[in-house]
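# Geometric and topological summary
Residues per chain are reported as follows:
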Amino acid sequence: MANQTLTQDQKAWGVISYLWILSLVALAAKKNDSYVRFHANQGVLLFVISFVGLIPVLGWLVSLIVAVTAIIAMVKAYNGEKWQLPLLAGPAKEFGAWLEKTLKL
């Protein structure tokens, strides 16, 4: 699902959206940009899930999966794709909407 009209700025913000805490910055800074918002919603959810990594052994496996998924998502975002996270795309959208409403972004 590539979009030919994306700017380099949008692609860069899409990549930034998967850099853990910076996903919140992207969500707040580019809340009116649907492309960046799509990626920021997913990035925020990955950021939250990454905290499971604090749990020994199982958490480390989850952290590895989150890191690999984030790298894949960054490449897709840079290429202008709206790649949906497997099993998490719907919850990411809902969580992002809740977060925006709760934090008044």
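Just so you know, these numbers come straight off a predicted model, no measurement behind them.

### A word on the packing of helix H1 (residues 8-16) against helix H3 (residues 34-49)
Where H1 meets H3, the axes come as close as 8 Å, and the angle between the chain directions of the two elements is 10 degrees. By the angle between their directions, the pair H1 and H3 is classed as roughly parallel. Of the residues in H3, those in contact with Gln 10, Lys 11, Trp 13 and Gly 14 of H1 are Tyr 35, Val 36 and His 39.

### Description of a nonpolar patch on the surface
A cluster of nonpolar side chains, namely Leu 58, Leu 61, Leu 64, Ile 65, Val 68 and Ile 72, defines an oily patch on the protein surface of about 560 Å² accessible area. Assignment of secondary structure puts Leu 61 in helix H4 (residues 58-78).

### Some remarks on the nonpolar core
Ranked by size, the top nonpolar core spans 11 residues in total: Leu 6, Val 15, Tyr 18, Tyr 35, Leu 46, Val 66, Ala 70, Ala 73, Met 74, Ala 77 and Leu 85. Among the secondary structure elements, those contributing two or more residues to this core are H3 and H4. Ranked by residue count, the leading element in this core is H4, at five residues. By size, the runner-up hydrophobic cluster in this structure holds seven residues, among which are Val 36, Ala 40, Val 44 and Leu 99.

### Focus on the environment of Val 75
Along the chain, the position of Val 75 falls in helix H4. Judged by relative accessible area, Val 75 falls into the partly exposed class, the value being 47%.

### Side note on H1
Along H1, the residues classified as buried are Gln 10, Lys 11, Trp 13, Gly 14 and Val 15. Buried residues along H1 sit in contact with helix H2 (22-29), H3 and H4.

### What about H2?
Along H2, the residues that are buried comprise Ser 23, Ala 26 and Leu 27. Seen along its axis, H2 keeps its buried residues to an arc of 100 degrees; they face one direction. The secondary structure elements touched by the buried residues of H2 are H1, H3 and helix H5 (89-103).

### Observations regarding unusual backbone geometry
Residues other than glycine seldom take positive phi values, yet Trp 20 does so here, at roughly 40 degrees. Mapping Trp 20 onto the fold places it in the loop between H1 and H2. For Leu 87, which is not glycine, the phi torsion reads 70 degrees and is therefore positive. Tracing the chain through its elements places Leu 87 in the loop between H4 and H5.

Quick notes on the rules
Residues numbered from 1 in each chain as written. Predicted model: local features only at pLDDT ≥ 70, side-chain atom pairs only at ≥ 80, totals over all residues. Heavy atoms only, no water. Axes fitted to C-alpha atoms, helices over the stretch in contact; angles between N-to-C directions. Helix = DSSP H or I, 4+ residues; strand = E, 2+ residues; numbered from the N terminus. Parallel < 35°, antiparallel > 145°, perpendicular 65-115°, else oblique. Contact = heavy atoms within 4.5 Å. Patch = residues over 30% accessible without salt bridge, like charges linked within 9 Å, V, L, I, M, F, W, Y side chains within 5 Å. Areas by Shrake-Rupley, 256 points an atom, 1.4 Å probe, with all protein chains shown as cover. Salt bridge = Lys/Arg side-chain N within 4 Å of Asp/Glu carboxyl O. Core = buried A, V, L, I, M, F, W, Y, C linked by side-chain atoms within 4.5 Å. Buried < 20%, exposed > 50% of the residue type's maximum accessible area, 1.4 Å probe, protein only. Arc of directions from axis to C-beta.

Everything listed is a geometric property; what it means functionally is a separate question.
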